[in-house]
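Working through the structure, step by step
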Amino acid sequence: METQTQHALHGHYSTANTVEDFKHNLAAIHQRMNAACQRAGRDPNSVRLLPVSKTVPEERIRLAYAAGCRQLGENKVQEAYRKWELMADLKDLHWSVIGHLQSNKAKLVARFATEFHALDSLHVAETLDRHLQAEGRGLDVLVQVNTSQEESKYGLAPEAAHDFVQKLPAFKSLKVRGLMTLAIFSAEAERVRKCFVLLRNLREQLRQDAPAGIEMNALSMGMSGDFEIAIEEGATIVRVGQAIFGARALPDTYYWPKGGE
Ligand SMILES: *Cc1c(COP(=O)(O)O)cnc(C)c1O
């Protein structure tokens, strides 16, 4: 049988409150990731789990750290920045910004993030690059593509990605690694899978004439409800929040699409 989405579990994940809970949840996710890799004939080392800690308070993030998390994804810049400051003592904990960025917050991202998954505007690229130069830092970035054709979602239209990527070498501090997407939120696995296939095909296409210095390897796709399908279709990074940390209190419409900032 085809792999199904787990969206029915949405909002029902139990909250991880101890280091043991986190170890258990992380092990369970890794096991499912490995099984998906096996189905697809992929090397499990080719997929990275990025735990997503948005809305999770500091004390529980520290438990996740104790359970082994060293890189966390956050979709709101100010929340991420505040957490970075609070947990500056955890020197080897790194932060990925995975949500839409307004250029007026690029300065914060340039200061603390090691990865940015949602680049979709040249203005943001330019602003980020300028602040990164000032900080003497570099940043791994992924270009976000809207693969579901939902108007409400952020990201470039697939047909706009080629021209966009051609312009990125101008921004020397941005280390372009690949593409990111959010699939349609649907219980119909085939519709979800289509989004992931589209992103993978787009990467193959963009690879053909990627400018020097621009990498087109990473595919950041898949979340709690659909990461196994994403892995079957080539994901190299899966962004998983609720299945590790527990259900969020606020509905997803608060975060995306076009959740307030
Ligand atoms: C919240 C979020 C995720 C993780 O979603 P879960 O349902 O918690 O796994 C992944 N990607 C982005 C961009 C997010 O904002």
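Placed above this text is the structure.
These numbers come from a predicted model, not from an experiment.

It is worth spelling out the pairing of strand β6 (residues 174-180) at this point. Counting buried positions along β6 gives 5 out of 7 residues, so the element sits mostly inside the fold. For strand β5 (residues 139-144) and β6, the ladder comprises 6 bridges, and the chain directions are parallel. When the sheet's bridge partners are listed, D140 is paired in β6 with K175. In this fold, β5 hands off to helix α6 (residues 161-167), which returns the chain to β6; that crossover is right-handed. Where β6 meets strand β7 (residues 218-220), 3 bridges bridge the pair, whose relative direction is parallel. Looking across to β7, one finds that G178 is bridged to A218.

Looking now at the pattern of salt bridges. On inspection of all chains with the given rule, the structure shows 22 salt bridges. As a salt-bridge pair, R111 and E135 come within 3.5 Å of each other at their nearest N and O atoms. In this pair, R111 sits in helix α4 (residues 106-112) while E135 sits in helix α5 (residues 122-135), placing the two residues 24 residues apart along the sequence. R111 gets classed as partly exposed once you look at its relative accessible area, which sits at 30%. Put simply, R177 and D140 hold a salt bridge, and the shortest N to O gap is 2.9 Å. In this pair, R177 is assigned in strand β6 and D140 in strand β5, connecting sequence segments 37 residues apart. Owing to a relative accessible area of 26%, R177 belongs among the partly exposed residues under this scheme. Each of E2, R39, E190, R193, R200, E232 and E233 takes part in a single network of salt bridges with overlapping partners.

Quick look at the state of the cysteines now. Within the structure shown, the criterion is met by 0 disulfides. C37 forms no disulfide, and the closest cysteine sulfur to it belongs to C69, at a distance of 18 Å.

A few words on the packing of aromatic side chains. In this structure the tally under the stated criterion is 4 aromatic pairs. Residues Y81 and W84 carry aromatic rings whose centres are separated by 5.4 Å and whose planes lie at 40° to one another, so their mutual orientation is tilted. With Y81 and W84 both in helix α3 (residues 77-86) and 3 residues apart, this pair spans about one turn of that helix. Relative to F112, the ring of Y81 lies with its centre 5.6 Å away and its plane at 70°, an arrangement referred to as edge-to-face. Pair noted here: Y81 is in helix α3 and F112 is in helix α4, with a separation of 31 residues, a long-range link. Grouped by ring-pair contacts, the aromatic residues Y81, W84 and F112 constitute a single cluster. The lysine or arginine in question, R70, covers the ring of Y65, its NZ or CZ lying 3.7 Å from the ring centre.

This next bit is on the nonpolar core. Counting residues in each nonpolar core, the largest one holds 75 residues, and the members touching the most others are F116, L119, L128, L168, L179, I231 and V238. Among the elements that make up this core, the one with the highest residue count is helix α7 (residues 189-208) (7 residues). Residue contacts for I231: discarding those within four places in its chain leaves M33, A36, C37, A40, R42, V47 and V238. Grouped together as the second largest cluster of nonpolar side chains are 7 residues, V52, I98, M180 and I237 included.

Glancing now at the side chain of K83. If you trace the backbone, K83 turns up in helix α3. With relative accessibility at 3%, the residue K83 sits in the buried group. In this structure K83 touches S53, K54, T55, V56, I61, E74 and W95, once residues within four positions along its chain are discounted.

For α3, the set of buried residues is V77, E79, A80, Y81 and K83. Buried positions along α3 lie against α2 (58-66), β2 (71-74), β3 (94-97) and α4.

Conventions and cut-offs
Going along each chain's sequence as written, the residues are numbered from 1 onward. Residue-level local features of this predicted model are given only where pLDDT is at least 70; pairs of side-chain atoms are given and counted only at 80 or more, and the full residue set underlies all totals for whole chains, interfaces and linings. Water and hydrogen atoms play no part in the side-chain values, which are based on all heavy atoms of the structure. Three exposure classes are used, based on accessible area relative to the maximum for each residue type with a 1.4 Å probe and protein chains only: buried under 20%, partly exposed in between, and exposed over 50%. In DSSP terms, a helix is any run of H or I states spanning at least four residues, a strand is any run of E spanning at least two, and both are numbered starting from the N terminus. Here, strands pair whenever DSSP counts at least two bridges between them. Seen with its strands pointing away from the viewer, a crossover is right-handed when the path leading from the first strand over the helix to the second is clockwise. Only one rule defines a salt bridge in this text: a Lys or Arg side-chain nitrogen within 4 Å of an Asp or Glu carboxyl oxygen. To count as a disulfide, a pair of cysteine sulfur atoms needs to be within 2.5 Å. Whether two aromatic rings pair depends on their centres lying within 6.5 Å, for rings of Phe, Tyr and Trp, where Trp uses its six-membered ring; planes under 30 degrees apart make the pair stacked, over 60 edge-to-face, and the rest tilted. Think of it as a cone above the ring: NZ of Lys or CZ of Arg counts as a charge over the ring if it is within 6 Å of the ring centre and within 35 degrees of the ring normal. Buried Ala, Val, Leu, Ile, Met, Phe, Trp, Tyr and Cys residues that are joined via side-chain atoms within 4.5 Å together make up what is termed a nonpolar core. The contact criterion used throughout is that any non-hydrogen atoms of two residues lie within 4.5 Å.

Keep in mind these numbers describe shape, not what the thing actually does.
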